[in-house]
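Residues per chain are reported as follows:
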Amino acid sequence: MSEARAAHKRILLKLSGESLMGDDAFGINRGTIVRIVGEVAEVVNMGVEVAIVIGGGNIFRGVAGGSVGMDRATADYMGMLATVMNALALGDAMNKQGLTARVMSAIGIEQVVEPYVRPKALQYLEEGKVVIFAAGTGNPFFTTDTAAALRGAEIGAELVLKATKVDGVYTADPKLDPAATRYNKITFDDAMAQNLGIMDATAFALCRDQKLPIKVFSIFKHGALKRVVLGEDEGTLVYA
Ligand SMILES: Nc1ncnc2c1ncn2[C@@H]1O[C@H](COP(=O)(O)OP(=O)(O)OP(=O)(O)O)[C@@H](O)[C@H]1O
Ligand SMILES: O=c1ccn([C@@H]2O[C@H](COP(=O)(O)O)[C@@H](O)[C@H]2O)c(=O)[nH]1
């Protein structure tokens, strides 16, 4: 274990699917996934129990499928399967880089990965294994952000870390509004009242009701994950 003291014992890290793309147009970039696993390893080696929810936007997005005429629920199941592919790739990279990872799926595909069973997930975390939650909530019409809030609450995480492409929550989407400014912290109620698009309202509401804070930070900023875990000033805190 390293000398630095973590501010949190157990965390839920939400990785967007797009964070695995690197500079590619879609899919999984090998160098990027290796770098992200290296950053996760740093916090695991500090003694932090790490659970991960991985998105699927780099492979498939259900809403996009719906918009071209596909049944929305079917498209959403395809989106959930995309998260299983990302989870398998992430787990494989972790095991190759010296971590022990377990992938658990919210939908039954037992020949491929074990099903999500809460006590088992808790046991893995206590054993120092990284648990990767695949297939979101297992239900269509939800997102992996909501899965992160749900699993975070279920496992008693102290903090949800939303690792994304931007370095925090802004007054407006910074990709669309260059004049947008970043919040250092913001309450769930304010984020929801202002309809800030960084996370969906269901995820915000669940975390607010469970008093589970969220840190939004950029996964592309080297060392940012470790700085969040150390409780340093990084990204935006969303709190109740
Ligand atoms: N107020 C805001 N502050 C910051 N980012 C915002 C805001 N409103 C919208 N966004 C956008 O939200 C996006 C967050 O998306 P994110 O990377 O989490 O993707 P996702 O849909 O959750 O994951 P996936 O890629 O797996 O589908 C950012 O890229 C940013 O452009
Ligand atoms: O609980 C869930 C989680 C996800 N989906 C579908 O998967 C895709 C990919 O997830 P992202 O959160 O966008 O990364 C999502 O667009 C949904 O179509 C789901 O149905 N239920």
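Counting starts from 1 at the beginning of each chain's written sequence and moves along it residue by residue. Key to labels: chains lettered from A, ligands numbered from 1, both in the order written. Only residues with pLDDT of at least 70 are given local features in this predicted model, and only at 80 or more are side-chain atom pairs given and counted; all residues enter the totals for whole chains, interfaces and linings. Side-chain metrics in this entry use all non-hydrogen atoms of the structure; hydrogen atoms and water are not considered.

Quick notes on the packing of helix α1 (residues 30-44) against helix α3 (residues 72-96)
Line of reasoning, step 1. Where α1 contacts α3, the axes come no closer than 10 Å and their chain directions differ by 65°. The way α1 lies across α3 gives a crossing that is right-handed. Between α1 and α3, the residues in contact are R30, I33, V37 and V40 and A89, L90, A93 and M94, respectively.
Line of reasoning, step 2. Grouping the constituent residues of the contact of α1 with α3 by class yields seven nonpolar, no polar and one charged. Axis definition: a line fit to C-alpha positions, over the contact stretch in the case of helices; interaxial angles, taken between N-to-C directions, run 0 to 180 degrees. Helix and strand assignments follow DSSP, with helices taken as H or I runs no shorter than four residues and strands as E runs no shorter than two, numbered in order from the N terminus. Each crossing is labelled by how the near helix is turned from the far one, with a counterclockwise turn of less than a right angle marking it left-handed and a clockwise turn marking it right-handed. Residues are treated as being in contact if the distance between any of their heavy atoms lies within 4.5 Å. Each residue is assigned to one class: nonpolar for Ala, Val, Leu, Ile, Met, Phe, Trp, Tyr, Cys and Pro, charged for Asp, Glu, Lys and Arg, and polar for all the others, Gly among them.

Here we look at the site of ligand 2
Line of reasoning, step 1. If you check the shell around ligand 2, you find 17 residues, and the closest are G56, D76, T137, N139 and T144.
Line of reasoning, step 2. Between a nitrogen atom of ligand 2 and a main-chain N or O atom of N139, the distance comes to 2.7 Å.
Line of reasoning, step 3. Here a nitrogen atom of ligand 2 sits 3.2 Å away from a polar atom, N or O, in the main chain of F142.
Line of reasoning, step 4. The Shrake-Rupley method, run with a 1.4 Å probe sphere, supplies the accessible areas, and residue values consider only the shown protein chains as cover. In isolation ligand 2 offers 450 Å² of accessible surface; the protein chains occlude 94% of this area.
Line of reasoning, step 5. The greatest single-element share of the shell around ligand 2, amounting to three residues, is contributed by α3.
Line of reasoning, step 6. Tallied by class, the residues present in the shell around ligand 2 amount to five nonpolar, ten polar and two charged. A molecule or strand has a residue near it when one of that residue's heavy atoms lies within 4 Å. Definition of a polar contact: a pair of N or O atoms within 3.5 Å, with one able to donate and the other able to accept a hydrogen when the atoms are protein atoms, and with sequence-neighbouring residues admitted only if both atoms are side-chain atoms.

Comments concerning the UniProt feature "binding site: ATP" (unreviewed entry) in the protein chain
Line of reasoning, step 1. UniProt positions are given in the numbering used here, feature names are shortened, and annotations may be inferred rather than shown by experiment. With numbering aligned to this structure, UniProt lists the feature "binding site: ATP" (unreviewed entry) at K14, L15, S16, G17, G57, R61, T164, Y170 and D173. A maximum C-alpha distance of 23.6 Å shows the annotated residues, which cover 160 residues in sequence, to be distributed over more than one spot.
Line of reasoning, step 2. By the element assignment, K14 lies in strand β1 (residues 10-15).
Line of reasoning, step 3. Throughout this description, buried means an accessible area under 20% of the type-specific maximum (1.4 Å probe, protein chains only), exposed means over 50%, and partly exposed covers the range between. What makes K14 buried here is its relative accessible area of 4%.
Line of reasoning, step 4. Ignoring anything within four residues of it in the chain, the contact list for K14 reads V53, G55, T144, D145, A148, L161, K162 and A163.
Line of reasoning, step 5. A relative accessible area of 18% places Y170 in the buried class.
Line of reasoning, step 6. Apart from the residues lying within four places of it in its own chain, the contact partners of Y170 are A180, T181, R182, Y183 and L196.

Section: the confidence of the model for the protein chain
Line of reasoning, step 1. Per residue, pLDDT measures the predictor's confidence, with a range of 0 to 100. Predicted confidence across the protein chain gives a mean pLDDT of 95, with 96% of residues reaching 70 or more.
Line of reasoning, step 2. With a pTM of 0.96, the predicted complex shows an ipTM of 0.95.

Description of the site of ligand 1
Line of reasoning, step 1. In the neighbourhood of ligand 1, 23 residues make up the surrounding shell, with G17, R61, K162, T164 and D173 lying closest.
Line of reasoning, step 2. Side-chain polar atom of T164 to an oxygen atom of ligand 1: 2.6 Å apart, as the coordinates give it.
Line of reasoning, step 3. A distance of 3.4 Å separates an oxygen atom of ligand 1 from a polar side-chain atom of K175.
Line of reasoning, step 4. Computed on the free molecule, ligand 1 has an accessible area of 650 Å², of which 87% lies beneath the protein chains in the complex.

What about the pairing of strand β3 (residues 101-105)?
Line of reasoning, step 1. With respect to burial, β3 is a largely interior element, four of its five residues being buried.
Line of reasoning, step 2. Strand pairing is assigned whenever DSSP identifies at least 2 bridges connecting the two strands. Pairing analysis gives five bridges linking β3 to strand β5 (residues 130-134), with the strands arranged parallel. Along β5, the bridge assignment pairs A101 with V130.
Line of reasoning, step 3. The pairing of β3 with strand β4 (residues 114-115) spans two bridges and is classified as parallel. Residue S105 lies in a different strand from β4, and its bridge partner there is P115.

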